[in-house]
Amino acid sequence: MAELRSAPIAGLIEIFPKIFHDSRGYFFESYRHDWLAKNGITVDWVQDNQSFSQKGTVRGLHFQHAPFAQAKLVRVISGKVLDVVVDLRKDSPTFGAHYSTVLDGEINNLLFVPVGFAHGFSVLEDAIFAYKCSNYYNKLSEGGILWNDPKLGIDWRIDEPIISDKDKTWTSLEEFKIQSKGGL
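Keep in mind the model is a prediction, meaning the values are calculated, not measured.

Peer 1: Whenever I open this one, the overall build of the chain confuses me. Can you help?
Peer 2: What the chain contains, in helices and strands, is 2 helices and 11 strands. Moving toward the C terminus, one meets the helices and strands of the chain in the order β-β-β-β-α-β-β-β-β-β-β-β-α. Radius of gyration (C-alpha) of the chain: 16 Å, near the 16 Å computed for a compact globule of 184 residues. Each of the three principal axes of the chain carries a C-alpha extent, and together these read 55 × 40 × 30 Å. Put simply, the chain has 184 residues, and 52% of those count as buried. For the chain, contacts bridging at least 24 residues in sequence account for 79% of all contacts bridging at least 6. Of the roughly 9,700 Å² of accessible surface on the chain, a fraction of 51% belongs to carbon and sulfur atoms. Once the 20 positive and 23 negative side-chain charges of the chain are each reduced to a mean point, those two points are 4 Å apart.

Shown next as structure tokens:
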């Protein structure tokens, strides 16, 4: 079985699978529906995504508007990333707060991110990043928060970040709050 650790923001759960090592290598269950359901994660996953990113890349902060909002179960297959989420849930006592954790291909930890969060990551070592989604991607429902919004105060642990043009143009948290009438 895996070990679950709740994060300081309600709903976020870090998962550390039990890894079985021997002379040939290792084995672990990266996803097990019945065990997650027993621990309160009852999500119907509909899409798996995978990306490769070079060290120094920052991706995010992304989310999907309803009705295509997504919960995510994220992990790193190889390499290391700083995974970052921002609470955008309307009326949440932690609205605007962020949480970050290192996802590492050697310890194979995962992070469960419920609906209502913006998600992003910075690549600390070249990385293959994989995640399950609870809803299908829909381009028209895509949204984001500016990755370097000073109000968020996120330390991405990258000196010279590689950022997509799209990720440079998202709105600030304050603009998002006004446009969304208080959040997701």
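Peer 1: How should I be thinking about the packing of aromatic side chains in this particular structure?
Peer 2: Counted according to the given criterion, the structure contains 6 aromatic pairs. Taken together, a centroid distance of 5.9 Å and an interplanar angle of 20° make the contact between tyrosine 26 and phenylalanine 28 stacked. Seen in terms of ring centroids, phenylalanine 129 and tyrosine 131 are 5.6 Å apart; in terms of plane orientation they differ by 55°. Their pairing is tilted. Over the aromatic face of phenylalanine 16 sits the side chain of arginine 5, whose NZ or CZ is 3.9 Å from the ring centroid.

Definitions and cut-offs
Every chain is numbered on its own, with residues counted from 1 as its sequence reads. Two thresholds apply to this predicted model, a pLDDT of at least 70 for residue-level local features and 80 or more for giving and counting side-chain atom pairs, whereas whole-chain, interface and lining totals are computed over all residues. Values shown for side chains rest on all heavy atoms present in the structure; no hydrogens or waters enter the calculation. Each helix corresponds to a stretch of at least 4 residues labelled H or I by DSSP, and each strand to a stretch of at least 2 residues labelled E; elements are numbered beginning at the N terminus. Radius of gyration: over C-alpha atoms. The globule rule applied is 2.2 Å multiplied by the number of residues raised to the 0.38 power. Any residue under 20% of the maximum accessible area for its type is buried, any over 50% is exposed, and the rest in between are partly exposed; the area is computed with a 1.4 Å probe on protein chains only. Contact between two residues is taken to exist if any of their heavy atoms lie within 4.5 Å; hydrogens are not considered. Computed by Shrake-Rupley with a 1.4 Å probe, the accessible areas treat only the displayed protein chains as cover when residues are assessed. Residues scored as positive are Lys and Arg, those scored as negative are Asp and Glu, and His as well as the terminal groups of each chain are ignored. Each charge is placed at NZ for Lys, CZ for Arg, CG for Asp and CD for Glu. In this analysis, rings of Phe, Tyr and Trp, with Trp reduced to its six-membered ring, are considered paired at centre separations within 6.5 Å, and the interplanar angle assigns stacked below 30 degrees, edge-to-face beyond 60, and tilted for intermediate values. Charge-over-ring placement is defined geometrically: NZ (Lys) or CZ (Arg) within 6 Å of the ring centre, and within 35 degrees of the ring normal.

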